[in-house]
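Single-letter residue listing:
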Amino acid sequence: MEAAVTSHKSVEPAVAARAALPEQGAEAARRSAAAGAPGAAARGASRGLWISSTYFAEGLPYAIAHKVAGEFFTAAGASLEIIGLVSLYGLPWNLKFLWSPLVDLHGSSRRWLVGAEIALAVILLGLAAAADSGALGLVAALFGLVAVAAATHDIAVDGFYLQALDKDAQAAFSGLRVGAYRLALLAGALLVAFAGWASFGASFAVAAVGLALLAGAHAVGLPRPAAAARPEAVAAPGAAAVPGAAAGLRRYVEPFRAFLRQPGIASSLAFILCYRAGDALMFAMSSPLLKSLGLETAARGNVGGVGTVASIAGSTLGGVLIKRWGLARTIFPIALLQSLAILLYVALAWSRPALPWIVALVTLEQLVAGVGTAVLVVFLMRRCVDGYKSSHFAIGSALMSVSATFAGSVSGYLAARVGFTAFFAIAFAASLPGVVLSRWVPRD
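Presented here is a report on the structure given in the accompanying data block. (Residues numbered from 1 in each chain as written. Predicted model: local features only at pLDDT ≥ 70, side-chain atom pairs only at ≥ 80, totals over all residues. Heavy atoms only, no water.)

1. Looking at empty space enclosed by the protein
Short version of the rule: Points on a 1 Å grid, built from protein atoms alone, make a cavity when a 1.4 Å probe fits but cannot get out and make a pocket when they are open with protein on both sides within 12 Å along at least 5 of 7 lines; residues with an atom within 4 Å of a point are the lining residues. Grid points are joined across faces, edges and corners, and a volume is the space filled by probe spheres set on the points. Counting from the N terminus, the helices are DSSP H or I runs at least four residues long and the strands are E runs at least two residues long. As a working rule, the residues Ala, Val, Leu, Ile, Met, Phe, Trp, Tyr, Cys and Pro are called nonpolar, Asp, Glu, Lys and Arg charged, and the rest polar, with Gly in that last group.
Inspection of every chain in the model, using the stated rule, returns two cavities of 30 Å³ or more. Mapped onto the lining of the second largest cavity, the elements with two or more residues apiece are α16 (297-341) and α20 (420-437). Residues that form the lining of the second largest cavity fall into these classes: three nonpolar, four polar and one charged.

So this is what it looks like as structure tokens:
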């Protein structure tokens, strides 16, 4: 299985490694032979199952803290400025790198994963009780707790994925993981549609039950990969023992130092920060735009659901493209295509078309966004160093979400000032630096 899904880009480094280290070549050959064994298909199916379920569980609370929260306040009649401030629920994702070393250093990614899912289920039950009470302050606070628990869960899920799979399998399954994540976003859209038919409280209760069931399944069924050795655990010959407090600080700081020591890190950081800036602006005001076009809560949920299906197809297509042509050949054209897709929202705001055209344009934009997400996920995985994979993916994904949080938080003020057509044109302009930077970042 692993040999069959080896990414195009990883072939040359693998050949070089086998030439330098014969024992690694033997191990690679052993894995390749094992891929043809009768149990390989079953192992692949098992991996596909837990990858899908964990990334669905990662995506659902994200959808609740972002999309569903925005729809909740939109339905409540909040101003554009308040709806834009919902993007501040992204702050825990921005800051999760601060506590990501705890997941690597204390307990296991598997244990953190299951514990966070249980916590999320409990918080969502509280949100279900408060949503229809009119206590908007309490609802806002509970959305904040969802965001903190969900960001911690992200660290654990991503670390578990990176620990349980080798580099080739990580790239090969990138389309599946992004697809499962976006399937959870579809579930979020369906929760909105259900809220339009029943209530938001009922929607949150359904989500709580779903996460509780996933926590139980993961507690029983997830594999138990061996922990990777951390680079700092190997002391230099003759090195003196480090005092306890200093050693603890060094262990905390070392993941950040290892991340920043990578070649081309300056361009990588700039690219991660800029890649989704235009999309972040566009996403924050998408619900108010659709409402201004005459779509009520249930209709917005249905349109969002169709768009999310398209994004799942796009993420799968992105994984296929990366596997076939490699990251180096796909990153720039996909970044450019993702940027151009924002112009579809300019067309929506300017022409104010009928419902069939709204669905068509939203669907096309989401298809392209799915392809773009797959590229960014693989790029972030390539920036993760052995021994610090949970921390490094958390750092990368946190930086990625900075633009979403801060661009989104000012989006309502900007849209209220300039109008939707000019606003989405500004979002397109904000996407262009990421396109330019995609020509300069490391591509291995």
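2. Side note on the nonpolar core
The following threshold applies: Among buried residues, the Ala, Val, Leu, Ile, Met, Phe, Trp, Tyr and Cys ones that are joined through side-chain atoms within 4.5 Å form a nonpolar core. Each residue is assigned to one of three classes by its accessible area relative to the maximum for its type, calculated with a 1.4 Å probe on protein chains only: buried under 20%, partly exposed between the two thresholds, exposed over 50%. Any two residues whose heavy atoms approach within 4.5 Å are treated as being in contact.
With 44 residues, the main nonpolar core has Tyr161 and Phe271 as its most contacted residues. Discounting residues that sit within four places of it in the chain, phenylalanine 271 has contacts with Ile331, Leu376, Phe379, Gly434, Leu437, Ser438 and Val441. Listed in part, the 38 residues of the second largest apolar core include Ala69, Ala130, Ala195 and Ala207.

3. Observations regarding the packing of helix α7 (residues 109-131) against helix α8 (residues 136-164)
Our working definition: Note on method: axes are straight lines fitted to C-alpha atoms, helices fitted across the in-contact stretch only, with angles between N-to-C directions ranging 0 to 180 degrees. Working rule for angles: under 35 degrees goes down as roughly parallel, over 145 as roughly antiparallel, 65 to 115 as roughly perpendicular, anything else as oblique. Left-handed is the label given to a crossing in which the near helix is rotated counterclockwise from the far helix by less than a right angle, and right-handed is the label when the rotation is clockwise.
Taken N-terminus to C-terminus, the directions of α7 and α8 make an angle of 160 degrees; their axes are 8 Å apart at the nearest point. One finds that α7 runs roughly antiparallel with respect to α8. Viewed along their axes, α7 and α8 form a crossing whose handedness is left-handed. In terms of residue class, the contact of α7 with α8 is built from 20 nonpolar, six polar and two charged.

4. Some thoughts on the environment of asparagine 94
As for its position among the elements, asparagine 94 is in helix α5 (residues 91-95). As a C-alpha pair, asparagine 94 and glycine 396 span 302 residues in sequence and 9.5 Å in three-dimensional space. Filtering out sequence-adjacent residues up to four positions away, asparagine 94 remains in contact with Ala398, Ser401, Val402, Thr405 and Phe406.

5. A short note on the pattern of salt bridges
Pairs can form between side chains of opposite charge once their charged atoms are near each other. Selection criterion: A carboxyl oxygen of Asp or Glu within 4 Å of a side-chain nitrogen of Lys or Arg is what we treat as a salt bridge.
Under the criterion given, the structure shown has seven salt bridges. When the shortest N-O distance is used, the salt bridge between lysine 67 and glutamate 71 registers 3.6 Å. Placement of the pair is lysine 67 and glutamate 71 together in helix α3 (residues 40-75), with a separation of four residues, close to one helical turn. On the basis of relative accessible area, glutamate 71 is assigned to the buried category, the value being 1%. Lysine 96 is the salt-bridge partner of aspartate 154, the closest N and O atoms lying 3.8 Å from each other. With aspartate 154 in helix α8 and lysine 96 in the loop between α5 and α6 (100-105), this pair connects stretches of sequence that are 58 residues apart.

6. Details of the side chain of serine 409
Worth spelling out the cut-off: Under this definition, polar contacts are N or O atom pairs within 3.5 Å; protein pairs additionally need one hydrogen-donor-capable and one acceptor-capable atom, and for neighbouring residues in sequence, both atoms have to be side-chain atoms.
Inspection of the secondary structure puts serine 409 in helix α19 (residues 389-418). Reaching out from serine 409, the side chain makes a polar contact with the backbone oxygen of phenylalanine 406 at a distance of 2.9 Å. Excluding residues that lie within four positions of it along the chain, serine 409 makes contacts with Gly84, Leu85, Ser87 and Leu88.

7. Thoughts on helix α18 (residues 355-381)
How we decide: The length a helix should cover is 1.5 Å for every residue beyond the first.
End to end, α18 covers 39 Å across 27 residues, agreeing with the expected 39 Å (1.5 Å per residue, within 8%). Of all 27 residues that make up α18, 19 are buried, and the element is covered over most of its length.

8. Some details on unusual backbone geometry
One non-glycine residue, arginine 352, adopts positive backbone phi at about 45 degrees. Relative to the assigned elements, arginine 352 resides in the loop between α17 (343-351) and α18. According to the relative accessible area criterion, arginine 352 is partly exposed, its value standing at 46%.

9. Considering the environment of leucine 437
In this fold, leucine 437 is placed in helix α20. Leucine 437 sits 166 residues away from phenylalanine 271 along the chain, and the two C-alpha atoms are 5.6 Å apart.

10. Quick word on the packing of aromatic side chains
The line we're drawing: Note on ring pairs: Phe, Tyr and Trp rings are taken, using the six-membered ring of Trp, and paired if centres are within 6.5 Å. Classes follow the plane angle, with under 30 degrees stacked, over 60 edge-to-face and the rest tilted. Two conditions define a charge sitting above a ring: the NZ of Lys or the CZ of Arg must be within 6 Å of the ring centre, and it must be within 35 degrees of the ring normal.
Applying the stated criterion across every chain, the model contains 17 aromatic pairs. With 5.6 Å between their ring centres and 90 degrees between their planes, tyrosine 55 and tyrosine 161 make a pair best called edge-to-face. You can see tyrosine 55 sitting in helix α3 and its partner tyrosine 161 sitting in helix α8, a full 106 residues away along the chain. As far as burial versus exposure is concerned, tyrosine 55 and tyrosine 161 are alike and both buried. Considering the side-chain rings of phenylalanine 73 and phenylalanine 143, the 6.2 Å spacing of their centres and the 55 degrees angle between planes classify their relative orientation as tilted. With phenylalanine 73 in helix α3 and phenylalanine 143 in helix α8, this residue pair connects regions lying 70 residues apart in the sequence. With respect to burial, phenylalanine 73 and phenylalanine 143 carry one shared label: buried. Across the ring face of tyrosine 161, the terminal group of arginine 177 is positioned such that the distance to the ring centre comes to 4.4 Å. Here the guanidinium or amino end of arginine 439 rests over the ring plane of phenylalanine 332, the centre of that ring lying 4.5 Å away.

11. Topic: a nonpolar patch on the surface
Note the following rule: Like-charged residues within 9 Å of one another, or nonpolar side chains (Val, Leu, Ile, Met, Phe, Trp, Tyr) within 5 Å, are grouped into patches, provided each residue has over 30% relative accessible area and no salt bridge. Methods summary: accessible areas were calculated by the Shrake-Rupley approach with a probe of 1.4 Å, and residue burial reflects only the protein chains presented.
Among the surface-exposed residues, Ile82, Leu85, Leu88 and Tyr413 lie close enough to one another that they form a single nonpolar patch of about 330 Å² accessible area. Position of isoleucine 82 relative to the elements: it lies in helix α4 (residues 80-85). Owing to a relative accessible area of 41%, isoleucine 82 belongs among the partly exposed residues under this scheme.

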